[in-house]
Amino acid sequence: MDCIFCKIIKGEVPSSLLYEDEYMIIIKDISPQADKHYLLIPKRHYQSIVHMSGYDAFVLAKCLRKLGELTEELGLGGGFRIASNVGENGCQSVPHLHFHILGGEKLSEKMG
Ligand code: AMP
Ligand code: ZN
């Protein structure tokens, strides 16, 4: 499958990897939109939460909990925002579920 995030997960495409475990990776976004802009990417390929299985839901909960534990070391101690773009109206450009994590500065109150 020609999926850029699957290739990053397999190590076939380089990335600035910040964290990895059996379920996910966290990398720096190549085109940052905040002082800190990371991507939390579950290793299993599926397009979005619309396509997730019960097992995927379990894994995702573990990923988000781990993110909560990593906030200080990721420089997000002052707070952050999590966003996942879904489908055309959500402007999703990579069809492999991922969460944008934005922080390191005071973010805009507007989200849309
Ligand atoms: P989305 O538009 O929500 O699907 O987000 C995709 C994100 O992936 C964008 O913010 C891109 O900047 C980012 N991105 C695309 N390719 C790479 C890459 N090779 N390494 C890191 N981030 C990437
Ligand atoms: Zn993928």
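Quantities reported herein were computed from a predicted structural model and do not represent experimental measurements. (Residues numbered from 1 in each chain as written. Chains lettered and ligands numbered in written order. Predicted model: local features only at pLDDT ≥ 70, side-chain atom pairs only at ≥ 80, totals over all residues. Heavy atoms only, no water.)

Residues in close proximity to ligand 1 total 15 residues, the closest being Asp29, Asn85, Ser93, Val94 and His100. The contact in question runs from an oxygen atom of ligand 1 to an N or O atom on the side chain of Asp29, over 2.6 Å. The backbone of Val94 places a nitrogen or oxygen atom 2.9 Å from an oxygen atom of ligand 1. Its free accessible area being 510 Å², ligand 1 has 84% of it covered by the protein chains. Across the shell around ligand 1, the residue classes break down as seven nonpolar, six polar and two charged. (Near = heavy atom within 4 Å. Polar contact = N/O pair within 3.5 Å; in protein donor to acceptor, adjacent residues only side chain to side chain. Areas by Shrake-Rupley, 256 points an atom, 1.4 Å probe, with all protein chains shown as cover. Nonpolar A, V, L, I, M, F, W, Y, C, P; charged D, E, K, R; others polar.)

The five strands lie next to each other as S1-S2-S3-S5-S4, forming an open sheet whose pairing is antiparallel. The strands lining the two open edges of the sheet, one partner per strand, are strand S1 (17-20) and strand S4 (80-83). Put simply, the sheet's adjacent strands are angled 20° from each other on average, direction ignored. Bridge count between strand S3 (residues 36-42) and strand S5 (residues 99-103): five bridges; the pairing is antiparallel. Within the sheet, the bridge partner assigned to Lys36 lies in S5 and is Gly103. Strands in contact with helix H2 (residues 54-70) are S1, strand S2 (24-28), S3, S4 and S5; relative to S2, the strand with the most contacts, it is inclined by about 45°. (Pairing = 2+ DSSP bridges. Helix = DSSP H or I, 4+ residues; strand = E, 2+ residues; numbered from the N terminus. Axes fitted to C-alpha atoms, helices over the stretch in contact; angles between N-to-C directions. Contact = heavy atoms within 4.5 Å.)

Attention shifts here to the coordination of the zinc ion (ligand 2). Coordination sphere of the zinc ion (ligand 2), protein contribution only: Cys3 (SG), Cys6 (SG), His45 (ND1) and His96 (ND1), at 2.0 to 2.3 Å. Donor residues for the zinc ion (ligand 2) sit on one chain with the sequence pattern C-x2-C-x38-H-x50-H. (Donors = N, O, S within 2.8 Å, 3.2 Å for Na, K, Ca; no water.)

Moving on, we get to the environment of Asn89. With respect to the helices, strands and loops of the structure, Asn89 is situated in the loop between S4 and S5. Residue classification places Asn89 among the exposed positions, given a relative accessible area of 79%. Between the alpha carbons of Asn89 and Lys43 there is a distance of 24 Å; along the sequence they are 46 residues apart. (Buried < 20%, exposed > 50% of the residue type's maximum accessible area, 1.4 Å probe, protein only.)

So, on to H2. Compared with the 24 Å implied by 1.5 Å per residue over 17 residues, the 25 Å span of H2 between its first and last C-alpha is a close match. Along H2, the residues that are buried comprise Asp56, Val59, Leu60, Cys63, Leu67 and Leu70. Taken down its axis, H2 places every buried residue within 105° of arc, on the same side. Away from its buried face by more than 90 degrees, H2 exposes Gly54 and Arg65. For H2, the elements touching its buried residues are S1, S2, S3, S4 and S5. (Expected span 1.5 Å × (residues − 1). Arc of directions from axis to C-beta.)

If you look at soluble globular proteins, the nonpolar side chains tend to sit buried side by side. Counting residues in hydrophobic clusters, the biggest one holds 17 residues, and the most contacted among them are Ile26, Leu40 and Leu74. Put simply, the parts of the chain that give this core at least two residues each are S2, S3, H2 and S5. Looking at which element gives the most residues to this core, the answer is H2, with five residues. With 10 residues, the next largest nonpolar core counts Phe5, Ile27, Leu39 and Val94 among its residues. (Core = buried A, V, L, I, M, F, W, Y, C linked by side-chain atoms within 4.5 Å.)

As far as function goes, none of this settles anything; it's purely spatial.
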